Amino acid sequence: MSAAAVVLCFLLRDGAGGAEVLLGLKQTGFGKGKIVGIGGHVEPGESHAQAVIREVLEETSIVLRHEDLADAGTVRFVFPARPDWNMDTWLFTARTWEGEPVPSDEILPEWFSVQALPVDRMWQDADHWLPVVLEGGRVNVVVTMHTDNESVASSESLLGQGGR
């Protein structure tokens, strides 16, 4: 089974206590109740950049432009117990945009300190790759989940191995 094409964007700003990232409490669908990155599925005919710009607007009312986006790499999520959940995820960061985050039916946006991510409320894999992205690095990771579809069975970086 093929993997769904997904995009995530991590908006970063300088806060009073240091760097902050915009995440959101998922209100509906996959990941409901978890703190997640802002994003979603790539629609047919969209580029990854077009998809992330659309998703950020839909979920937070923030306006991004192509030139605001920085490529932060990819994460492939493998769910052996639920192959229909497999995702190829393209990651972006942004430091400039227009507007302030506004809650939507799907996401309640909130700023978090990059140094104190709410990992206990996020998918367990976030700790494996998100800090690198938030520090300005690029990732190319395959995360395989356990059969409980919650905990991480393995996380493998493909950087330097000819991976995508």
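What you see as residue numbers is a count from 1 along each chain, following the sequence as written. Since the coordinates come from a predicted model, pLDDT governs what is reported: local features require at least 70, and pairs of side-chain atoms require 80 or more to be given and counted, while whole-chain, interface and lining totals use all residues. In computing side-chain values, all of the structure's heavy atoms are included and hydrogens and water are not.

Requested: an account of the overall build of the protein, with residues and values cited.
Think of it this way: any DSSP run of H or I at least four residues long counts as a helix, any run of E at least two long counts as a strand, and we number them from the N terminus. Within the protein, the regular secondary structure consists of two helices and nine strands. Listed by position from the N terminus, the elements making up the protein come as β-β-β-β-α-β-β-β-α-β-β. Only the C-alpha atoms count toward the radius of gyration. The rule for a globule is 2.2 Å times the residue count to the power 0.38. Here the protein has a C-alpha radius of gyration of 15 Å; the compact-globule value for 164 residues is 15 Å, and the two agree. Each of the three principal axes of the protein carries a C-alpha extent, and together these read 40 × 35 × 35 Å. Expressed as a percentage of the 164 residues in the protein, the buried residues total 46%. A contact between two residues is defined here by any heavy atoms of the two lying within 4.5 Å. A fraction of 63% describes how many contacts in the protein between residues 6 or more apart in sequence connect residues 24 or more apart. Under the scheme applied here, a residue whose accessible area is under 20% of the maximum for its type counts as buried, over 50% as exposed, and between as partly exposed, the area being computed with a 1.4 Å probe on protein chains only.

Which residues make up the pairing of strand S6 (residues 87-94), and what values do they have?
Of all eight residues in S6, seven are buried, a share of seventy percent or more. We treat two strands as partners when DSSP finds at least two bridges between them. One ladder, built from eight bridges, connects strand S1 (residues 4-15) with S6; its direction is parallel. Directly across from Leu-8, in S6, lies its bridge partner Leu-91. Two strands pair when backbone bridges link them, and strand S5 (residues 69-78) and S6 are joined in this way by eight bridges, in the antiparallel orientation. When the bridges of S6 are listed, Gly-73 appears paired with Leu-91.

Give a description of the nonpolar core that names residues and reports values.
Cys-9, Phe-10, Val-21, Leu-91, Trp-129 and Leu-130 are the most contacted members of the largest nonpolar core, which has 47 residues in total. With seven residues, S1 is the largest single contributor of residues to this core. With sequence-adjacent residues up to four places away left out, Val-21 is seen in contact with Phe-10, Leu-11, Leu-12, Glu-110, Trp-111, Phe-112, Val-114, Leu-117 and Leu-134. Nonpolar cores were defined as sets of buried Ala, Val, Leu, Ile, Met, Phe, Trp, Tyr and Cys residues, with membership established by side-chain atoms within 4.5 Å.

Run through the side chain of Lys-34, naming residues and quoting values.
Tracing the sequence through the fold places Lys-34 in the loop between strand S2 (18-26) and strand S3 (35-36). Polar contact is defined as a pair of N or O atoms within 3.5 Å, subject to the rule that within protein one atom must be able to donate a hydrogen and the other to accept it, and that residues adjacent in sequence are counted only when both atoms are side-chain atoms. One polar contact links Lys-34 to Glu-150, side chain to side chain, over a distance of 2.9 Å. Discounting residues that sit within four places of it in the chain, Lys-34 has contacts with Gly-24, Leu-25, Lys-26, Arg-121, Met-122, Trp-123 and Glu-150.

Can you lay out the pairing of S5 for me, pointing to particular residues and giving the numbers?
Pairing geometry for S5 and strand S8 (residues 139-145), over six bridges, is parallel. Residue pairing across strands places Thr-74 opposite Asn-140, the latter belonging to S8.

So what about the environment of Arg-54? Which residues, and what values?
Along the chain, Arg-54 falls in helix H1 (residues 48-60). For the pair formed by Arg-54 and Arg-65, sequence separation is 11 residues and the distance between their alpha carbons is 9.9 Å. Ignoring anything within four residues of it in the chain, the contact list for Arg-54 reads His-41, Val-42, Glu-43 and Glu-46.

None of the figures reported here should be taken as evidence of function without further support.
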